[in-house]
Each structure stands twice: as structure tokens, then as C-alpha cells.
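Residue-level structural notes
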Amino acid sequence: MLLNETHDPSLQSWVASAHKADTDFPIQNLPHGVFRRQQSTEAWRGGVAIGDAILDLAALAALPSHERPMDDEAAQALLAASQARLNELMALGPAAWRALRLALSRALRVGAPQAAAWRACLVPQAEAEYRLPVEVGNYTDFFTSSHHALNAGRVFQPGRELLPQFKWLPIGYHGRASTVAISDTPLQRPAGQILLPGQQQPVYAPTRQLDFELELAVLVGTGNALGQTLSLAQAEQQLFGLCLLNDWSARDFQAWEYQPLGPLLAKNFHSTISPWVVTQEALAPFRVAQPARPVNDPAPLPYLSNTEDQAHGALAITLEVFLSSATMREQGMPPLHLSSGPASNMYWTINQIVTHHASNGCNLNPGDLLGTGTISAPTRDGFGSLLELTQGGRDPITLPTGEARTFLEDGDEVILRATASADGFVSIGFGDCRAIVLPAR
Ligand code: MN
């Protein structure tokens, strides 16, 4: 993915809030989402975040054509991007995405002649609500952070090492698309089978070990046809973008059910994604080398090995987790920062995940969601789950109110955030991925 004029750090927008120091959405970002005004019966439609506003793409598409100068390819992409779901946009492919991004970037710049007409297409983010930006046809979650795998494994079994497969292929399991929910959708504490300590038989009860998992979600663009595979270069070409993913997990269900076929009900009750999809093109300035493998680890098999991917296949994204309890919010306290770490703590690159998924001819479709797996650092300040942060509940976290947490309590809110940064470029953010835990029914 080449750099172009849309990444230029000197670009200025006539949307003043796009220049606030802490905005996630400068003119260099331009992520796609689907929104409407809160508590309205307006139609859901596509928009692009800019500063603290949303550029309403349906309103834009309704302008007279002389007020939205763009070539046919960009105009076709604009129509697709203004829909109530973005799958059609994702199916159009990278040339169309690039054409639309360029047209939007040019028209949002200071001095653009269409600024007056386009200003009428802005909706404040504070007035908006969001829905899933895509119809998620399939959801697969991976397990690509070796630190998470080791940290989590050692909670259950001290001294445990990685399974040999971990270093040969990106481990994953098929998740559940129907329970993927947009940020701000409360999740209900699930009930399930739990084998309590010292017992021979499980009980069916609300989880006592509700956890979050800090992940990136990959949204498939054009994908691949059934029976076809994707090289690493093709995987990169066809990806649409990334958002944040909280793969909520019930650790007590998981411990009982995961052998021999992996997780099922421990993870498929609710998965939260952030509303804005940061495009692959917007992330181009933040591509970095994949960290070298430990010296004694095997080299990947040829279909997962490519010097270009090793040189540029990781991303300079910092991921963060915050927690607030109901009492903290009542007392007006800000959320507590739990951890932060770099996305480069993945043992496999995103392209390797996608290539591996398609390597048996499994077709990936526009809007399919692939989770990276929990991204954890080797040290506590960057752990991406409570399982790791509290050592399976043995080492509670103290909140500013004096409350203690081992796992999540009813009323807790978990907030994920992320920022991509690189020297010489304007940082771009992902917006919040958040949800509050409701009591079991
Ligand atoms: Mn996960």
C-alpha cells in the first residue's frame, strides 16, 4: 500500500474539530461507519468520521452532481458507502475505495470550493447512534499473541509452554456472527456450565468469571471465491480495514468446555466491535516490520512467508483498555486505565492470518470479521484480559473507589481504544469500543 496525498501531514480541513490535538479523526483518517441521529426514525446510512462530526454520505450523494465533483469510480463507491451496510462498498475493491477516499479528502480540505454545500452534510457525532457497519456473514477469532497464549496458559498450568502448532500456523476457531454487536450495546451476563472447584459435576449458572479480550478486528474486502486461495500480497490488497473488538469471554465456561474442540459458549454470547472502520489505506503510514521471531523458532512455511510482509506487515498501533464501575460513574470518576500495549505483540501478521484462513480454499466474503485474538504484552502493563491482569482472579485490581475486581461485575463498563502513530505523520484513532455488563436474566 503506497503513500499518497491523502496521508500528507500538512493537510488542513475546513472542519475545525479535525485539528483538535486529541481527535481520533483528522482528515488523514476518514473511517467508514453506519449511523443515524439518536432516538430518531431516520434511515441508517453510511458516513465518514471527520473531527467530532460525521460526513453524511447519503446526504452527500443527494447533492447536485456539480457540488460533488468526483470520477465515476468514486461516485459508484460513494453510493455503496452511503448504504445502511457497507458490504457492497467492501465488494467493490481497492481502486474504488481509493477513488472515494481521494475525492473526500480533496473536498474536505481548506479552500475546497464545495465546502459550503458539504457543511450541510455534517452531523455531530454527539447526536449520532451507530449500527454494525456490515452484515457479518462469518466471524473467526484467532489466537496470535504468543504473550497472551503463554500468560493465559500459565494461569491454568504454571510453567506451561506454547504448543508446537502455535509457531507453525495462526490458531483460530469459528466464532458466531449473530452475536457480534455494535459498541454501546449492553451485554447480559451469560449463564452456562461451570465445574466449581472440588466438584465432580458441573452446575448451570451465571458466569462468575466474565472477562474482556482486547483485539483488533479485520474486515474482509473483496475476499476470495470458494476453492481459491490468497497469497500474502493478495490478502493485503483485498482487505478493507480494521476496527476494535472486545471478545467477551466466560472463563469458567471456557475452562470446562474447551477441550477437546476449543471454545464454544464461553465466547459466542456477545462480541463488541467499534463503529468506525479504519481503512487499510488510512493505515499505510503506520506499517512497520513484523518483530523478528525468537532465534530457535521455525521459519513459516512458504505460503506464509514473504519478505515484504515481514518488512511491512505489522502496524504501529497502541491499544488501551479502561474500566469503570457503576459506582465510579456515579461519583463522576474517569475510567481506570488498565493496560496498554502495541499491536506488534502479534506473532503472526494480519496478512498471514487472512492467507492461512483462505489456504484451504475457504471463501472469505465482503464484511467477514476476523479477530486477531487477545493482544497482550509480555509484562502486566500490557495484558489484554483480566485473566492475565488478575492471574485468574488470584491478584485483584483495586478501583479508585476501593472496590476490588477479579473478573467483571454487573454495571462495569469496559472501553477499548487505539491510536496509530508514526514519526512524520498525523496520528489516527479508532474511536471507542465500549459496553456495560447487565445482570444475568
Ligand atoms: Mn478472543
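Quick caveat, the model's predicted, so the values are computed rather than measured.

1. Thoughts on the overall build of the protein
In terms of regular secondary structure, the protein is built from 12 helices and 27 strands. In summary, the protein has a C-alpha radius of gyration of 22 Å against a globular reference of 22 Å for 441 residues, a match within 12%. Taking the principal axes of its C-alpha atoms as reference, the protein extends roughly 75 × 55 × 40 Å. Of all 441 residues assigned to the protein, the portion counted as buried reaches 54%. Within the protein, counting contacts between residues at least 6 apart in sequence, those at least 24 apart form 74% of the total. In the protein, 29 positive and 42 negative side-chain charges are present, and the distance between their average locations comes to 3 Å.

2. Quick word on the sheet that holds strand β3 (residues 53–56)
Taken in spatial order, the five strands make up an open sheet running β4-β3-β2-β1-β5, and their pairing is antiparallel. Each edge of the open sheet is held by one strand with a lone partner, namely β4 (122–124) and β5 (128–130). Taken over all neighbouring pairs, the strand axes of this sheet differ in orientation by 50 degrees on average, direction set aside. In the sheet, β3 pairs with β4 via three bridges, with the strands oriented antiparallel. Of the residues in β4, the one forming a bridge with A53 is P124.

3. Examining the layout of surface pockets
The volume enclosed by the largest pocket comes to roughly 1,000 Å³. Lining the largest pocket are 42 residues, and of these F143, I171, Q254, Y258 and P263 sit closest to its centre. Secondary-structure elements contributing two or more residues to the lining of the largest pocket are β6 (139–142), α6 (146–156), β7 (172–174) and α8 (251–257). In terms of residue count, α6 provides more of the lining of the largest pocket than any other element does, six residues in total. Residue classes in the lining of the largest pocket are distributed as 19 nonpolar, 14 polar and nine charged.

4. Overview of the pairing of β6
Neither face of β6 is open: one carries Y139 and D141, the other T140 and F142, and all of them are buried. Inspection of the sheet shows β6 paired to strand β22 (residues 369–371) by three bridges, in the parallel sense. Paired with D141 across the bridge in β22 is G371. Bridging between β6 and β7 involves three bridges; their strand directions are antiparallel. Of the residues in β7, the one forming a bridge with F142 is G172.

5. What to know about the coordination of the manganese ion
Protein coordination at the manganese ion: the donors are D141 (OD), E213 (OE), E215 (OE) and D247 (OD), at 2.1 to 2.2 Å from the metal. Written as a sequence motif, the donor residues of the manganese ion are D-x71-E-x1-E-x31-D. Taken together, the residues D141 in strand β6 and D247 in the loop between β14 (239–246) and β15 (249–250) connect sequence positions 106 residues apart. Judged on exposure class, the residue D141 and its partner D247 are both buried.

Reading the values: the criteria
- Residue indices follow the written sequence of each chain, beginning from 1 at its first position.
- Predicted model: local features are reported for residues with pLDDT of at least 70 only, side-chain atom pairs are reported and counted for 80 or more only, and whole-chain, interface and lining totals are derived from all residues.
- Just so you know, side-chain values use all the structure's heavy atoms and leave hydrogens and water out.
- Secondary structure elements are taken from DSSP: a helix is a run of H or I of four residues or more, a strand is a run of E of two residues or more, and numbering for both begins at the N terminus.
- Note that the radius of gyration is over C-alpha atoms, with the globule rule given as 2.2 Å times the number of residues to the power 0.38.
- Partly exposed describes any residue whose relative accessible area lies between the buried limit of under 20% and the exposed limit of over 50%, with all areas from a 1.4 Å probe on protein chains only and scaled to the type maximum.
- Every residue pair with non-hydrogen atoms within 4.5 Å of one another is taken to be in contact.
- Within this scheme the basic residues Lys and Arg register as positive and the acidic residues Asp and Glu register as negative, but His and the chain ends are omitted.
- By convention, the point assigned to a charge is CZ for Arg, NZ for Lys, CD for Glu and CG for Asp.
- Strand pairing is assigned whenever DSSP identifies at least 2 bridges connecting the two strands.
- Under this scheme, a helix contributes an axis fitted over its contacting stretch, all axes are lines through C-alpha atoms, and angles between N-to-C directions fall in the 0 to 180 degree range.
- In the cavity and pocket records, a cavity denotes points on a 1 Å grid over the protein atoms alone where a 1.4 Å probe fits but cannot get out, a pocket denotes an open set with protein on both sides within 12 Å along at least 5 of 7 lines, and lining residues are residues with an atom within 4 Å of a point.
- Grid points are joined across faces, edges and corners, and a volume is the space filled by probe spheres set on the points.
- Under the convention adopted here, Pro, Cys and the residues Ala, Val, Leu, Ile, Met, Phe, Trp and Tyr are nonpolar, Asp, Glu, Lys and Arg are charged, and Gly plus all remaining residues are polar.
- Only nitrogen, oxygen and sulfur atoms qualify as donors, and only when within 2.8 Å of the metal (3.2 Å in the case of Na, K and Ca); with water excluded, sites may look incomplete.

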